[in-house]
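# Commentary on secondary and tertiary structure
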Amino acid sequence: MSKPKILVTRAVFPDVIERLEQHFEVESNQDDRILSPAELAEKVKGMDGIFTTPSERVTAEVLAANPSLKAVCNMAVGFNNIDVDAATKAGIVVTNTPDVLNETTADFAWALLLATARRVTESEHWLRAGKWQKWRFDTFLGADVHGATLGIIGMGRIGQAIARRSMGFDMKVVYHNRSRVAPELEARANNAQYVGKEELLKTADHVILALPYSPQVHHIIGAAELAMLKPTATLVNIARGGIVDDAALIDALRANRFAAAGLDVFENEPNFNPAFLTLSNVVLTPHIASASEPTRRAMANCAAGNLIAALTGGTPPNILNPQVLPKG
Ligand code: 8YV
C-alpha cells in the first residue's frame, strides 16, 4: 500500500523529517521564502497532510484546493494562521503544539523584559560604536525590575510561567485575562491578582503580553491604551503581531510617552514596520521566544506526532477540532 503524502512547508530538523519518512511520502519545501496562500494551494494538491509553521497562512482557499487533505499540523501553539472553521467544515484535523514551549517562551519574555528595562541592547550598540569614553552617573539609567509591579495580559500557561519567575524578583503581579483563572493557579503564579485591563495598564511598571491572537483581540493595545501606561513603564510582546497597533506603538515610543518596548512579534512579520529601526527605546527580536534547541525540537516532534496519529487512524494528542473525528 502506498504511503500517505505530506507537505512540510519549510525546513525542519532532519531527524524529524526522517521520522515522518517512516510513515509518509514527504515533500519538504526547502525554499526559505514564505509561501503565499496561492503557492501553498498549488503545492498541497494531492497531499494527505500538511506540517506547517505560522509563517504560512493556511486559508480556506488552501484547504479547498485539495479535497483529499485530512490534516494540518502546526509547529506552534498559536494557530491564527489556519482557518480552523473552514478546516472543520471540510472535516480536516487541525493540531498545534501546546505546553512544550511554555517555559522556554517564559524565559524569553524575561530576557526581553530585563533587556528593555535595563537598556541592554541600546547600551551595547553605544559601546560598539566607540562612544564609551567616561563614566557618568546617568549613563543608561533604566527602570528597576525587582520589587516592581508586573502586569501580565493573558494568564494562560505561558503567562503563568512568566508570573512564577517573578517570585525571584520580589514582584507584585497583576493580570488580565478573558476570565479569572482558578485560585490555586493564581497562588502558584506569585499570587497574581486579577484586575481590569485599564487598571493593569495604569498601575503596572512592566507589562507583558502573553495572550493568543484572535480577531477579538486585534489592536487591543492601541493609542488609547498606550497613553494609560506610566511614563516609566516598559511593554513586552511575546504573543502575536496584531494584538498591538504597531503604528500607534511607534508614535508613542517616538514621543517617549512610556519608557521602552521589547518586541518579539510584529504586524506583518517578517516585513515589520521599518520605523521601529529608527527608535532607540525598543529591543527587537525576530520571533524567537520559543527558539531554544530542545524546545524547537520538541515542537517539531509534537507536530510530527500529531500528523502521524491523524493520518494513521489515531487521535492526535493536540487536536483543536475534535468534532471532525469519527464518532464512537
Ligand atoms: C514559534 C510561536 O516559534 O508557538 C507559537 O505560537 O509563535 C512560536 O513558538 C513560531 O511561530 C515558529 O513555529
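Every chain begins its residue count from 1, and numbering advances along the sequence as written. A pLDDT threshold of at least 70 governs which residues receive local features in this predicted model, and a stricter bar of 80 or more applies before side-chain atom pairs are shown or counted, although totals over entire chains, interfaces and linings include all residues.

- If you check an unreviewed UniProt entry, the protein appears there as D-glycerate dehydrogenase from Noviherbaspirillum denitrificans.
- In UniProt, the protein has this text filed under Sequence similarities (unreviewed entry): "Belongs to the D-isomer specific 2-hydroxyacid dehydrogenase family." UniProt positions are given in the numbering used here, feature names are shortened, and annotations may be inferred rather than shown by experiment.

### Points about the overall build of the protein
- Per the convention used, a helix needs a DSSP run of H or I reaching at least four residues, while a strand needs a run of E reaching at least two, with both numbered from the N terminus. The helix and strand inventory of the protein stands at 12 helices and 12 strands.
- The globule rule used here is 2.2 Å times the number of residues to the 0.38 power, and the radius of gyration it is set against is calculated over C-alpha atoms. For the protein, whose C-alpha radius of gyration is 21 Å, the value lies close to the compact-globule estimate of 20 Å for 328 residues.
- Taking the principal axes of the C-alpha coordinates as reference, the protein spans close to 75 × 50 × 35 Å.
- For the protein, buried positions account for 41% of its 328 residues.
- Contacts are defined on C-beta atoms placed from the backbone: any two residues whose C-beta positions lie within 7 Å are in contact. Long-range contacts, defined as pairs at least 24 residues apart, comprise 62% of the intrachain contacts of the protein with a sequence gap of at least 6. Exposure in this text rests on C-beta crowding, where 20 or more other C-beta atoms within 10 Å of a residue's own make it buried, 12 or fewer make it exposed, and counts in between make it partly exposed. The C-beta atoms are placed from the backbone.

### Some words on the pairing of strand β4 (residues 71-74)
- Alternating positions in β4 separate into two faces, Ala71 and Cys73 on one and Val72 and Asn74 on the other, with burial throughout.
- Bridge count for strand β3 (residues 49-52) against β4 is 4 bridges, and the pairing is parallel. The partner of Phe51 across the bridge, within β4, is Cys73.
- Sheet topology places β4 next to strand β5 (residues 93-95); 3 bridges connect them, and they run parallel. By the bridge assignment, Ala71 is partnered in β5 with Val93.
- At this point the chain moves from β4, through helix α4 (residues 84-89), to the parallel β5, and the crossover so formed is right-handed. Being paired, for any two strands, means DSSP has found at least two bridges between them. Looking down the strands as they point away from you, a crossover is right-handed if its path from the first strand over the helix to the second goes clockwise.

### Description of the pairing of strand β11 (residues 260-263)
- Here β11 shows no split at all, with Ala260 and Gly262 on one side and Ala261 and Leu263 on the other all buried.
- One ladder, built from 4 bridges, connects strand β10 (residues 234-237) with β11; its direction is parallel. Looking across to β11, one finds that Leu235 is bridged to Ala261.
- Tracing the backbone out of β10, into helix α11 (residues 246-254) and back to the parallel element β11 gives a crossover that is right-handed.
- Here β11 runs beside strand β12 (residues 282-284); their pairing, made up of 3 bridges, is parallel. Of the residues in β12, the one forming a bridge with Gly262 is Val283.

### As for the nonpolar core
- Nonpolar core, as used here: buried Ala, Val, Leu, Ile, Met, Phe, Trp, Tyr and Cys residues forming one set through C-beta atoms within 7 Å. If you look at the biggest cluster of nonpolar residues, it comprises 53 residues, and the most contacted ones within it are Ala109, Ile152, Ile208 and Ala210.
- Considering every element that reaches this core, the biggest residue donor is helix α5 (residues 102-117), with 7 residues.
- The contact partners of Ile208, leaving out residues within four places of it in the chain, are Ala109, Leu113, Leu150, Ile152, Ile162 and Val236.
- Formed by 40 residues, the second largest nonpolar core is a distinct cluster that contains Val8, Val16, Phe51 and Leu69.

### Some remarks on the sheet that holds strand β7 (residues 172-176)
- Read from one edge of the open sheet, 7 strands run β8-β7-β6-β9-β10-β11-β12, paired in parallel fashion. For this open sheet the edge positions go to β8 (193-194) and β12, each flanked by a neighbour on one side alone.

### Brief notes about the environment of Pro231
- Of note, Pro231 is situated in the loop between α10 (223-226) and β10.
- Accessibility expressed as a C-beta count within 10 Å gives 8 for Pro231, which makes it exposed.
- The spacing of Pro231 and Phe258 is 27 residues in sequence and 4.1 Å in space, taken between C-alpha atoms.

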